[in-house]
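Secondary and tertiary structure notes
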Amino acid sequence: MPAYDYKYRELKGSDFTNADLSGSTFYGADLQGSDFRGADLRRCDFRWANLKECFFAGADIRGAKFVSSALHMGCRTFTNLKMSDAQVDGVLYLLLRAD
C-alpha cells in the first residue's frame, strides 16, 4: 500500500489522476489546481493543505482528513465521491458557481 510524505511540499498543478495515494500525507502542502480525479485517497492527511481549485471527481476519500484545509468547490469538483468517515472539521469551503 503506497504512503507518500508530501508534508509542506509545493505541488501546485500536480496530476494525481487515478493514482494510488492511500495513506499519504499532504499536511500543509500547496496543492492548488491539482487533479485528484479517480485517485485512491483513502486515509490521506490533507490537514492545513491548500486545495483551492483542485478536482476530486470520482476519488475515494474514505477516512481522509481535511481538517482546517482550504477548498474552493464547484459543482463538478466533488462528484461521485466515496467519502464515509472523511474528517472535514474546520474546513474553509468557498462554493463556486458552475458554468
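Chains are numbered independently. Their residues run from 1 in the order of the written sequence. Where local features are concerned, this predicted model is filtered to residues with pLDDT of at least 70; where side-chain atom pairs are given and counted, the filter is 80 or more; whole-chain, interface and lining totals use all residues. As a rule here, side-chain values come from all non-hydrogen atoms in the structure, and water together with hydrogens is ignored.

Section: the overall build of the protein chain
- A count of helical and extended segments in the protein chain gives 0 helices and 3 strands.
- Start at the N end of the protein chain and walk to the C end: the helices and strands fall as β-β-β.
- Relative accessibility under 20% of the residue-type maximum defines a buried residue, over 50% an exposed one, and the middle range a partly exposed one, all with a 1.4 Å probe and only protein chains included. Residue burial in the protein chain is summarised as follows: out of 99 residues, 41% are buried.
- A separation threshold of at least 6 residues defines the contact pool for the protein chain, and within that pool the share at least 24 residues apart is 3%.
- What sets the accessible areas is the Shrake-Rupley method with a 1.4 Å probe; for residues, cover comes only from the shown protein chains. Of the accessible surface of the protein chain, which amounts to about 5,500 Å², a share of 49% is contributed by carbon and sulfur atoms. Runs of E in the DSSP output that reach at least two residues are strands. Runs of H or I that reach at least four are helices, and both are numbered from the N terminus. Between two residues, a contact is recorded if the distance between any of their heavy atoms is within 4.5 Å.

Notes on the side chain of S14
- Among the structural elements, S14 can be located in the segment before β1 (50–51).
- At 2.7 Å, the side chain of S14 and the backbone oxygen of L11 are in polar contact.
- In contact with S14, not counting residues within four places along its chain, are S34 and D35. A 3.5 Å cut-off defines polar contacts: any pair of N or O atoms within that distance qualifies, except that in protein one atom must be a possible hydrogen donor and the other a possible acceptor, and neighbouring residues in sequence count only when both atoms are side-chain atoms.

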